[in-house]
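The chain contents come next:
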2 protein chains.
Amino acid sequence: MSEGVEWAMHSCLNLSWAEPGEAVTARRLAAFYDLPPAYLNKQLQALARAGILSSVSGPRGGFRLNRAPEQISLLDIVVAIEGPEDAFRCEQLLRKGPGGSDDVDYRAHCVISQEMRAAELEWRRALAGRTLADVRATVETRFPHTPEATRDRFVNAPT
Amino acid sequence: MSEGVEWAMHSCLNLSWAEPGEAVTARRLAAFYDLPPAYLNKQLQALARAGILSSVSGPRGGFRLNRAPEQISLLDIVVAIEGPEDAFRCEQLLRKGPGGSDDVDYRAHCVISQEMRAAELEWRRALAGRTLADVRATVETRFPHTPEATRDRFVNAPT
DNA sequence: TTATCTTGGACATGTAATATCCAGAATATG
DNA sequence: CATATTCTGGATATTACATGTCCAAGATAA
C-alpha cells in the first residue's frame, strides 16, 4: 500500500479539527509531518476528486472536509488514494491451463480468485465500518490536548 | 500484491493432485500456465523455505507438498511469498507532529495505525480459515475432471 | 493589481517486482 | 564411476510504479 494513504488519513484527521469553514493549505498540512508539499498536494487533489475534501483556490484557500467526519469511512480514504482495484489481481492463469477457454472470465469463476476476493471483502468491511469520527473520538479520549494543539499548528505553522 | 502469490496458489493446488510421493519440477509447473520457469522456481523456493513444499535435487527431483492440504492455509502461502509485514506500513508520522516524541513507538500507539492493523487482521483471519483442502474440494465439486487433467499434464507436459 | 493557492501536466528519481543467467551442489540412473 | 537432471543461491538486467519536483495556467481574496 502506498504511503499516500497514511498521509491522507492523518491530513483528513487534522482537517477534522480545523475551525468550521476554515481552509488549510497543502503547505500547512505538509508542515505537520515535514512532508513534501507538492506531493502531498497530489494526494489531497485525489481526495478532492473523490468528494472527501473540497478545495478553494487563491488566498485564504486550501482544503477542508467536504462531509461530516461521521460520513467519511476509512475505506473512502483508502479507495480515493489507492483506487478501487483489489490488491490481489487475478491474471486468469487458468486460461492457459488444461481445458482453459478464452471465453470464460476466470476472475469470476476461478476458486482461488474467489477466496482471495472474499478475504479482501472482509478487509473492506472492517474499513467501511470505521469513520473519521470514530478515529477522532478515540484520539480525543486518549489525548485530550490534540484538537487544541492541532488548531494551534494550523494558525502558527512553521516555515 | 505480487503476482507470485497467484502462481504459488495455483502451483500448490496443482501439486495437491500429484501422485503421492511424486515430485514435480519447476519446469513442469511453469508449463501449466506458460510462466517463466526460472522465476517461478524462485517462488517455489520461498514456499520450500516456509516449509510448505519440500524440494528434491537431481533427476526425478522437483517439489512436492510438505504437509497435508488440510494443514496449509491460504495465509501460509501468502506470507511465504509476500512476507509477514502488513500492507499498511506506519511511518510514524506523529513523531514529527506536534508533541511527537522519539521515545514513543507510534506503530503501537497511533490510532490510525491501529485501525489499519485491525482491518488487515480481518483479512488474515479470513485467509487463515481457508485451507488448500477447502479450495481443492470446491474445485473438484465444480469441475470433477480437474484432478485427472492435472495429473495428465504432469506426465505429458508440453516442451 | 498583486500575491496566494489550487490544478494538472511534464519530467526526474528511486525502489521494488519481474525476469534471466550461471556456477555449484545434490542425486537418480546406467 | 560417469552423466544427465534438478534444485540453490547469487549476480545482474529490465520494467513498472511510487515518489518527488517543477512549472504554466486558472481562480480568488485583499
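See the structure above.
As a starting point, this report considers the structure included with it. Sequence order sets the numbering: in each chain, residues are counted from 1 along the sequence as written. Note on labels: chains are lettered from A, ligands numbered from 1, in written order. Thresholds applied to this predicted model are a pLDDT of at least 70 for local features of residues and 80 or more for the giving and counting of side-chain atom pairs; totals over whole chains, interfaces and linings are not thresholded and use all residues. Values reported for side chains reflect all heavy atoms of the structure, with hydrogen atoms and water molecules removed beforehand.

Moving on to the pattern of salt bridges. Side chains bearing opposite charge may pair, as long as their charged atoms lie close to each other. By definition here, a salt bridge exists when the distance from a side-chain nitrogen of Lys or Arg to a carboxyl oxygen of Asp or Glu is within 4 Å. Counted under the stated rule, the structure contains 14 salt bridges over all chains. Its salt-bridge partner being D34(B), residue K96(A) comes within 3.8 Å of it at the nearest N-O pair. With K96(A) in the loop between α4 (74-82) and α5 (106-109) and D34(B) in the loop between α2 (26-33) and α3 (37-49), the pair connects residues from two separate chains. Think of it this way: any DSSP run of H or I at least four residues long counts as a helix, any run of E at least two long counts as a strand, and we number them from the N terminus.

To continue, consider the protein's contact with DNA strand D. Nearness is judged by heavy atoms alone; a residue qualifies as near a molecule or strand once a single heavy atom is within 4 Å of it. Looking at DNA strand D, there are 24 residues lining it, with P59(A), A26(B), K42(B), S55(B) and P59(B) nearest. Put simply, 59% of the atoms of DNA strand D that lie within 4 Å of the protein are in sugar or phosphate. Side-chain atoms alone can form a polar contact between residues adjacent in sequence; in general such a contact is a pair of N or O atoms within 3.5 Å, and within protein one must be able to donate a hydrogen while the other accepts it. In the model, a phosphate oxygen of DNA strand D is placed 2.4 Å from a nitrogen or oxygen of the S55(B) side chain. Here G58(B) contributes a backbone N or O atom positioned 3.1 Å from a sugar or linking oxygen of DNA strand D. Counting residues per element, the ones that place at least two in the surface near DNA strand D are α3 (37-49) of chain A together with α3, β1 (53-56) and β2 (62-65) of chain B. Looking at the surface near DNA strand D, the element that brings in the most residues is α3(B), giving four residues. Tallied by class, the residues present in the surface near DNA strand D amount to nine nonpolar, 10 polar and five charged. Charged residues are taken to be Asp, Glu, Lys and Arg, nonpolar residues to be Ala, Val, Leu, Ile, Met, Phe, Trp, Tyr, Cys and Pro, and polar residues to be all remaining types, Gly included.

Residue and element names in this part refer to chain A. Within 6.5 Å between ring centres, the rings of Phe, Tyr and Trp (the latter by its six-membered ring) count as paired, and their orientation is classed by plane angle as stacked under 30 degrees, edge-to-face over 60, tilted in between. A complete count under the given rule lists six aromatic pairs over all chains for this structure. With a centroid separation of 5.6 Å and 55 degrees between ring planes, the pair formed by F32 and Y33 is classed as tilted. Exposed residues in this analysis have more than 50% of their type's maximum accessible area, buried residues have under 20%, and partly exposed residues fall in between, with area computed by a 1.4 Å probe over protein chains only. We classify F32 as buried; its relative accessible area is 2%. When its relative accessible area of 5% is taken as the criterion, Y33 is described as buried. Each member of the aromatic cluster is reached from another via a ring pair, and the members are F32, Y33 and F154. Over the aromatic face of F32 sits the side chain of R153, whose NZ or CZ is 5.5 Å from the ring centroid. Only when the NZ of Lys or the CZ of Arg is both within 6 Å of the ring centre and within 35 degrees of the ring normal is a charge said to sit over the ring.

This part covers the protein's contact with DNA strand C. Taken together, the neighbourhood of DNA strand C is formed by 24 residues, with N41(A), K42(A), S55(A), P36(B) and P59(B) sitting nearest. Within 4 Å of the protein, atoms of DNA strand C come from sugar and phosphate in 60% of cases. The contact in question runs from a base oxygen of DNA strand C to an N or O atom on the backbone of P59(A), over 3.2 Å. Between a phosphate oxygen of DNA strand C and a side-chain N or O atom of Y39(B), the distance comes to 3.4 Å. When residues of the surface near DNA strand C are traced back to their parent elements, those giving at least two are α3, β1 (53-56) and β2 (62-65) of chain A together with α3 of chain B. When residues in the surface near DNA strand C are grouped by element, the largest group, four residues, is from α3(A). Across the surface near DNA strand C, the residue classes break down as nine nonpolar, 10 polar and five charged.

Nothing here speaks to function; it is all geometry.
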